[in-house]
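The chain contents come next:
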Amino acid sequence: MIAYKWVIMAFLCVSLSGCVLTKIVTVPMRIVGAVASAVPVVGDAVDESIETIADAVDDIPL
């Protein structure tokens, strides 16, 4: 049973590497940016800065 858990853990580590891991991080950031864009006056600036940061995280080579 313990070996089964190690196999699952190894599979998760391999499958969550690369772009899947960055998507897990950036999707919530993009959702917050979309919600923040609804705020009058400052919403668009906040959305643009969050999108810039999310794009930078997507470019991280993993």
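Structure: above.
Everything numeric in this text was worked out from a predicted model, so none of it was measured. (Residues numbered from 1 in each chain as written. Predicted model: local features only at pLDDT ≥ 70, side-chain atom pairs only at ≥ 80, totals over all residues. Heavy atoms only, no water.)

Helix and strand counts for the protein chain come out as three helices and zero strands. Mapped from its N terminus to its C terminus, the protein chain presents α and β elements in the order α-α-α. Burial statistics for the protein chain: of 62 residues in total, 16% are counted as buried. Within the structure as shown, the protein chain displays about 4800 Å² of accessible surface, and the carbon and sulfur contribution to it stands at 78%. (Helix = DSSP H or I, 4+ residues; strand = E, 2+ residues; numbered from the N terminus. Buried < 20%, exposed > 50% of the residue type's maximum accessible area, 1.4 Å probe, protein only. Areas by Shrake-Rupley, 256 points an atom, 1.4 Å probe, with all protein chains shown as cover.)

When their charged atoms lie close together, side chains carrying opposite charge are able to pair. Tallied over the full model, the rule gives three salt bridges. In this structure, Arg 30 and Asp 55 form a salt bridge, with 3.0 Å as the shortest nitrogen-oxygen distance. Of the two residues, Arg 30 is situated in helix H2 (residues 19-36) and Asp 55 in helix H3 (residues 43-58); the sequence distance between them amounts to 25 residues. A salt bridge links Arg 30 to Asp 58, with the nearest nitrogen and oxygen atoms 2.7 Å apart. Placement of the pair is Arg 30 in helix H2 and Asp 58 in helix H3, with a sequence separation of 28 residues. On the accessibility criterion, Arg 30 (24% relative accessible area) is partly exposed. (Salt bridge = Lys/Arg side-chain N within 4 Å of Asp/Glu carboxyl O.)

Right, let's talk about the side chain of Asp 47 for a bit. Tracing the backbone shows Asp 47 in helix H3. Within the buried core, Asp 47 has no salt-bridge partner, and the shortest N-O distance to an opposite charge, that of Arg 30, equals 7.9 Å. The residues touching Asp 47, leaving out its near neighbours within four places in the chain, are Gly 33, Ala 34 and Ser 37. (Lys, Arg positive; Asp, Glu negative; His and termini not counted. Contact = heavy atoms within 4.5 Å.)

What follows deals with unusual backbone geometry. Phi at Val 41 is positive, roughly 70°, even though this residue is not glycine. Its place among the elements puts Val 41 in the loop between H2 and H3.

We now examine the environment of Met 29. Here Met 29 is to be found in helix H2. Separated by 22 residues in the primary sequence, Met 29 and Glu 51 place their C-alpha atoms 7.8 Å from one another. Excluding its chain neighbours within four sequence positions, the residues that come into contact with Met 29 are Ile 50, Ile 53 and Ala 54.

On the surface, Tyr 4, Ile 8, Phe 11 and Leu 12 cluster together into a nonpolar patch covering about 430 Å² of accessible area. Within the secondary structure, Phe 11 is located in helix H1 (residues 2-15). Owing to a relative accessible area of 58%, Phe 11 belongs among the exposed residues under this scheme. (Patch = residues over 30% accessible without salt bridge, like charges linked within 9 Å, V, L, I, M, F, W, Y side chains within 5 Å.)

These figures capture arrangement, not role.
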